[in-house]
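Reading the structure
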Amino acid sequence: MVLSVLSKPSTHLLLLLSSLLTLTHLILLTSGAPLYYTCPVSGNYSSNSTFGTNLDLLLRSLVSNASSTGFGNETRGSGVDEVYGLVLCRGDVTQDVCRGCLQSGSLEIRQLCPTSRDASVWYDECRLRYSNQNFFSDVDDSAKFLLGSNEDISDPDRFNLALMGMMKNLSSQAAYNRSSRMFATGETFFNQTSKLYGLVQCTRDLSPDNCYSCLNGTISDLVNCCFGKQGGRVLGSSCNLRFELYRFFGQPSPPSPPSKAGGKSNKARTTLIIVFPTLIVILLISAMSMYLIKMKEKTILFGELSMAAVIGEKHRLDRADPFGGDEDLLQFDFGRIKAATNNFSQANKLGEGGFGPVYKGKLSSGREIAVKRLSVNSGQGVQEFKNEVVLIAKLQHRNLVRHLGCCIQGQEKLLIYEFVVNKSLDCYLFDPVKRAKLDWETRYKIIEGIARGLLYLHEDSRLKIIHRDLKASNVLLDADMNPKISDFGMSRIFATDETQGNTSRIAGTFGYMSPEYAMHGQFSAKLDVFSFGVLLLEIVSGQKNSSFYQSTSAEDLLSYAWRLWKEGRAMEVIDECLKESSPVEELLKCIQIGMLCVQESVTDRPTMSTVVLMLSSGSVTVPTPSPPAYFLVSKESSNIFSKEFEWEISRSDASTSKLVSTSGNDSSNSKLDPR
């Protein structure tokens, strides 16, 4: 089984053992054996039993009947001797290749799992599975094999974006195109000269929705094995995918010949059976040695942590603490953080968030950190802090800021992050001097990265998360100007079957909020899409949404961009420092995508998977947007657009709300009228 990201030392050992098993299967692969196989512990049978007889009949029937169609699922027997079987050939192979692969597999699976009541085997051209339990029609994630190339891509960000867009598109084709037979292949350019090729497939007993769900989860697994790699594949029980830099489909390689008793293949297998245990023992000893060395290095590197944390134990918080029982957390000692930040000195202050300041720190090991400190003796923001603690421990993505730990001592509540050297996007984008450093290539990389991070939150992480406060100041930039979304204090976790929520407590930054959220407390993933659209237009124009209200004009950035777009003057939206040396078509496409994201109708706004696809593919037609949602606000109250607020909306009169700034003591009564 695929192991998720784990934290305890014992789970590291499990990962090592899993790696050893992977190595074993890779060795088998070089010996002409299957790509991968599993023999789960589900009971054994004897070769002359009724179950064994039923299995023989089942495999022969499946090979005979499924060779022409490429798919089959059948049952044999009844009661405890009933056996279920399924075979699937790759959608582009010929009948002869399919038959040969299935014949080879029907012999191989009996040799690999000679007495198991449940077994699966994967080849390049086909796969077989049998079980004493009914596994038809349901998505099964019990067994997965991830295999990535050893060679890296020189431009991983653009490559990964193209990969995710292509795989999402192929998943839709395989699941919902009736003629596809739940199989799809495709290709796309990930730079001006190089192509990427992909393949996805589901077992045909799945419904279209189940097929899409299975492939969506399998695409998420690419993050763990294959991001930035020149090739990779994920083999699952219900679906699989593969990508390469060369065209690997359409011309399959011939299948391996069936093994014969007494033949060379059998002798080779006997040799491997003798060699494998010895090899695994050697590898295990080596892995244990490496693990102990690694733990020693970790102790030195993270000397700031308590000893229990260093050796991998996680402390459950005191039950009296508001976070008790919610999450196991890796905790820093408050004295160490205090020393690292020079007693939270003003010189180390990086900025002020809605619920407290952020400081730069340096641990005694030399590692630089960022420390978010909840305002002391303030009840405001406790729930937001708790949200962030729970969320960030579960999220891992290159476009999300990396969490290192937390510190909770009395009234002090701190979050510790990686230090991101270039601070936040707004420090560059809205500075007349620094903005010149953001050429179009850099800005496009930032746009793509933010989109990819949101896609992970909405669809590809283990949780379904709505950020609710995406804005330029919450996007950090690393040394290579890669974006990292931060500040999850206002985020909401959704159940997998939920699509929207409702709240009477509104919190966030007004200029980035969608109208349905600001006016009625309705939020969904489309709230983040709206915020992304505002941010995208800001990146292209180099202007704050709020700056238009501070001028003599009554327009906001959205209505300004829409008016120029309708008049055929969209080039006037673009930042002056980009116009001469940037690709006009790409700039205009981004404006159009931004306008799609801020449409007034929630259903008309695209999903982030569609946004990523439009950004990554030059062949996708970008739809024509409808008018955006925007507000009429008096110039006197326009300062609300640049601050964080929280307020309660009245269910009887949702058009009038009391705004309370979270970044100061000022408040105002403003009539919020959507046009």
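Before any of the text, the structure's been laid out above.
Rules used throughout
Within every chain, residues take consecutive numbers counted from 1 along the sequence as written. The model is predicted, so local features are restricted to residues of pLDDT at least 70 and side-chain atom pairs to those at 80 or more, both for listing and for counting; the totals for chains, interfaces and linings are taken over all residues. Calculated side-chain values reflect all of the structure's heavy atoms, with hydrogen atoms and water omitted. Here a helix means four or more residues in a row that DSSP labels H or I, a strand means two or more in a row labelled E, and each is numbered from the N terminus. Here a residue-residue contact requires only that any non-hydrogen atoms of the pair lie within 4.5 Å. Note on areas: these come from Shrake-Rupley sampling with a 1.4 Å probe, and a residue is covered only by the protein chains present in the view. Note on definitions: salt bridges are taken to be side-chain nitrogens of Lys or Arg within 4 Å of carboxyl oxygens of Asp or Glu. Note on classification: 1.4 Å probe, protein chains only; a residue is buried when its accessible area is under 20% of the maximum for its type, exposed when over 50%, partly exposed between these limits. For two strands to be treated as a pair, DSSP must find no fewer than two bridges joining them. Helix axes are fitted to C-alpha atoms over the stretch in contact, other axes to C-alpha atoms as well, and angles between N-to-C directions run from 0 to 180 degrees. A helix's residues, less one, multiplied by 1.5 Å, set its expected span. Any two cysteine sulfur atoms lying within 2.5 Å of each other are counted as a disulfide. For this classification, under 35 degrees means roughly parallel, over 145 means roughly antiparallel, 65 to 115 means roughly perpendicular, and everything else is oblique. Should the near helix be turned anticlockwise from the far one by less than a right angle, the crossing is termed left-handed; should it be turned clockwise, right-handed. When residues are sorted by character, Ala, Val, Leu, Ile, Met, Phe, Trp, Tyr, Cys and Pro go into the nonpolar class, Asp, Glu, Lys and Arg into the charged class, and all the rest, Gly among them, into the polar class. Ring pairs shown here join Phe, Tyr and Trp side chains whose ring centres sit within 6.5 Å, with only the six-membered ring taken for Trp; geometry is labelled stacked below 30 degrees between planes, edge-to-face above 60, and tilted in between. In protein, a polar contact requires one atom able to donate a hydrogen and another able to accept it; more generally it is a pair of N or O atoms within 3.5 Å, and residues adjacent in sequence count only if both atoms are side-chain atoms. To form a nonpolar core, buried Ala, Val, Leu, Ile, Met, Phe, Trp, Tyr and Cys residues must be joined to one another through side-chain atoms within 4.5 Å.

Our next topic: the overall build of the protein. Scanning the protein from terminus to terminus reveals 16 helices and 29 strands. Excluding contacts between residues fewer than 6 apart, the proportion of contacts in the protein whose partners are at least 24 apart in sequence is 66%. Total accessible area on the protein stands at roughly 29800 Å², and carbon and sulfur atoms take up 51% of it.

This part covers the environment of F532. Topologically, F532 is positioned in helix α13 (residues 525-541). Not counting residues up to four positions away in its chain, the partners in contact with F532 are I447, I450, A451, L454, L470, C597, M608, V611 and L615.

Here we come to the pattern of salt bridges. All told, the structure shown has 29 salt bridges when counted by the stated rule. Residues E187 and R247 are paired through a salt bridge, measuring 3.2 Å at the closest nitrogen-oxygen approach. Taken as a pair, E187 in strand β7 (residues 183-189) and R247 in the loop between β10 (239-244) and α6 (264-301) lie far apart in primary sequence, 60 residues in all. Residue R247 is classed as exposed on the basis of its relative accessible area of 52%. Between R569 and E567 there is a salt bridge, with its nearest N and O atoms 2.3 Å apart.

Moving on, we get to the sheet that holds strand β1 (residues 36-38). One open sheet accounts for five strands, arranged β1-β4-β5-β3-β2; its pairing is antiparallel. On the outer flanks of this sheet lie β1 and β2 (71-76), each paired with one strand and no other. This sheet shows a mean twist of 5 degrees between the axes of neighbouring strands, independent of strand direction. Two elements, β1 and strand β4 (residues 118-122), share three bridges in a ladder whose sense is antiparallel. Bridge pairing in β4 places Y36 opposite W122. Against the sheet, helix α2 (residues 50-66) engages β2, β3 (83-89) and β5 (126-131), with an angle of about 155 degrees to β2. Taken strand by strand, helix α3 (residues 95-112) contacts β1, β3, β4 and β5, and its axis lies near 40 degrees from that of β5.

For the rest of this paragraph, the subject is helix α5 (residues 208-225). Here α5 is 18 residues long and its end C-alpha atoms lie 26 Å apart, about the 26 Å a rise of 1.5 Å per residue gives. On its buried side, α5 packs onto β6 (144-148), α4 (156-176), β8 (195-202), β9 (232-236), β10 and α11 (440-460).

To continue, consider the state of the cysteines. Inspection of every chain in the model, using the stated rule, returns six disulfides. Two residues share a disulfide in this structure: C39 and C113, whose sulfurs sit 1.7 Å from each other. Residues C39 and C113 share a disulfide whose torsion about the S-S bond is about -65 degrees; that sign makes it left-handed. With C39 in the loop between β1 and α2 and C113 in the loop between α3 and β4, this residue pair connects regions lying 74 residues apart in the sequence. Its relative accessible area of 2% is what places C113 among the buried residues. At a sulfur-sulfur separation of 2.1 Å, the disulfide partner of C202 is C211. Its S-S torsion of about 85 degrees marks the bond between C202 and C211 as right-handed, since a negative value means left-handed.

For the rest of this paragraph, the subject is the packing of α4 against helix α16 (residues 608-616). Put simply, α4 and α16 touch, their axes get as near as 9 Å, and they point 120 degrees apart. Between α4 and α16, the crossing angle belongs to the class labelled oblique. For the crossing formed where α4 meets α16, the hand is left-handed. Mapping the contact onto sequence places L161, A162, G165, M166, K168 and N169 in α4 and S609, V612, L613 and S616 in α16. Taken together, the residues of the contact of α4 with α16 break down into five nonpolar, four polar and one charged.

Take unusual backbone geometry next. Glycine aside, residues mostly have negative phi, and peptide bonds are mostly found in the trans state. Even without a glycine there, the phi angle at S137 is positive, about 75 degrees. In this fold, S137 is placed in the loop between β5 and β6. Residue K423 is not a glycine yet carries a positive backbone phi of 60 degrees. Position of K423 relative to the elements: it lies in the loop between β17 (412-418) and α10 (425-429). A relative accessible area of 42% places K423 in the partly exposed class.

All right, on to the sheet that holds β9 then. Across the sheet, which stays open at both edges, the five strands sit in the order β6-β9-β10-β8-β7 with antiparallel pairing between neighbours. Of all the strands in the sheet, just β6 and β7 have a single pairing partner and so form its edges. Strand-to-strand, the axes of this sheet are offset by a mean angle of 10 degrees, without reference to chain direction. Note: β9 against β10, four bridges, orientation antiparallel. The partner of L235 across the bridge, within β10, is N240.

This part takes up the packing of aromatic side chains. Using the criterion set out here, one finds 14 aromatic pairs in the structure. Between Y36 and W122, the ring centres sit 5.6 Å apart and the planes meet at 35 degrees, which makes this aromatic pair tilted. In this pair, Y36 is assigned in strand β1 and W122 in strand β4, connecting sequence segments 86 residues apart. There is no split in this pair, since Y36 and W122 are both buried. On the basis of an interplanar angle of 80 degrees and a centroid distance of 5.7 Å, the ring pair of Y84 and F136 is categorised as edge-to-face. Remark: F136 occurs in the loop between β5 and β6 and Y84 occurs in strand β3; sequence separation between them is 52 residues.

This part covers the side chain of R90. The residue R90 is located in the loop between β3 and α3 in this model. At 3.5 Å, the side chain of R90 forms a polar contact with the side chain of D124.

Attention now moves to the nonpolar core. Among soluble globular proteins, nonpolar side chains are generally buried collectively. Ranked by internal contacts, the top residues of the largest apolar core, which has 60 residues, are L425, I450, F532, V611 and L615. Those elements that provide at least two residues to this core are α10, α11, β19 (475-477), α13, α14 (557-566), α15 (584-597) and α16. Ranked by the residues each element gives to this core, the list is headed by α11, at ten residues. With 30 residues, the next largest nonpolar core counts F190, C202, C211 and C214 among its residues.

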